[in-house]
Amino acid sequence: MVKEIDYDLLIAIEESNVRKFKIALKKGANISGVVSEEYEEYGDFESSYGFTFLAVAAETALREIINVQHNKKGFNKEEYEKQYSDAFEIFNTLKALKPNESQEDCISAKICIEGIAETREMELYDDPYCYGYDEFDEEMGEDEWISEDPVVEYLKSFKFE
């Protein structure tokens, strides 16, 4: 059975609402929660079934990164994190609290971020010109350009214990 405070924590994560997030933590929400069908009574969370709360926080902070252009200006990590600062504050706070992500049959933040990186690589292969390759096509081959994608490097920089 889902406790309402755990639902409040999940909603705060999904909405990137730092105030609600802090309130839910103070009230003792379960930071090691996993989204399941039990949350159905509160709303549509089907796309997050099996995700740990930390994985939901990672996905919320990083989902838009798939569409970032890799151009001659590069990728500005600080600018991206500033644009999604509330989501990153929640993600980093939750990560620092070290929730249990070793539960059986759950999708951890690490797995979630690896999936985002794989999706990014597939998108680059599918339509490199959409992501800025046209600025490079005379200088380097498509495979070389994709292998040096700073967004994928950024995603691979996240470390989990």
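Nothing here was measured: the structure is a model prediction, and the numbers come from that model. (Residues numbered from 1 in each chain as written. Predicted model: local features only at pLDDT ≥ 70, side-chain atom pairs only at ≥ 80, totals over all residues. Heavy atoms only, no water.)

Enquirer: Before we go on, may I ask you to explain the overall build of the chain in this structure?
Expert: Counting secondary structure elements, the chain contains eight helices and zero strands. Secondary structure elements in the chain, listed N-terminal to C-terminal, are α-α-α-α-α-α-α-α. Its C-alpha atoms put the chain at 60 × 30 × 30 Å along the principal axes. Considering only intrachain contacts with a sequence separation of at least 6, the fraction spanning at least 24 residues in the chain is 68%. Summing over all exposed atoms, the chain offers an accessible surface of approximately 9,400 Å²; the carbon and sulfur share of this is 44%. For the chain, the distance from the average position of its 17 positive side-chain charges to the average position of its 39 negative side-chain charges is 11 Å. (Helix = DSSP H or I, 4+ residues; strand = E, 2+ residues; numbered from the N terminus. Contact = heavy atoms within 4.5 Å. Areas by Shrake-Rupley, 256 points an atom, 1.4 Å probe, with all protein chains shown as cover. Lys, Arg positive; Asp, Glu negative; His and termini not counted. Charge placed at Lys NZ, Arg CZ, Asp CG, Glu CD.)

Enquirer: Looking at this structure, I do not really get helix α5 (residues 85-96). What am I missing?
Expert: Turn by turn, an α-helix covers 3.6 residues, leaving residues three or four places apart pointing in a common direction. Given a rise of 1.5 Å per residue, 12 residues ought to cover 16 Å, and the 16 Å separating the end C-alpha atoms of α5 matches this to within 8%. Three or more residues of α5 are buried, namely Ala87, Phe88, Ile90, Phe91 and Leu94. Around the axis of α5, the buried residues are gathered within 160 degrees of arc, so they sit on the same side. In this structure, the buried residues of α5 make contact with α1 (4-15), α2 (18-26), α3 (53-62), α4 (77-83), α6 (109-126) and α8 (150-156). Positive phi appears at Lys98, one or two residues downstream of α5, with a value of about 55 degrees. (Expected span 1.5 Å × (residues − 1). Buried < 20%, exposed > 50% of the residue type's maximum accessible area, 1.4 Å probe, protein only. Arc of directions from axis to C-beta.)

Enquirer: Could you clarify how one ought to interpret the packing of aromatic side chains in this entry?
Expert: The description of an aromatic ring pair rests on the distance of the ring centres and on the angle between the ring planes. In this structure the tally under the stated criterion is nine aromatic pairs. Grouped by ring-pair contacts, the aromatic residues Phe75, Tyr80, Tyr84, Phe88, Phe91, Tyr154, Phe158 and Phe160 constitute a single cluster. (Phe/Tyr/Trp six-rings, centres within 6.5 Å; stacked < 30°, edge-to-face > 60°.)

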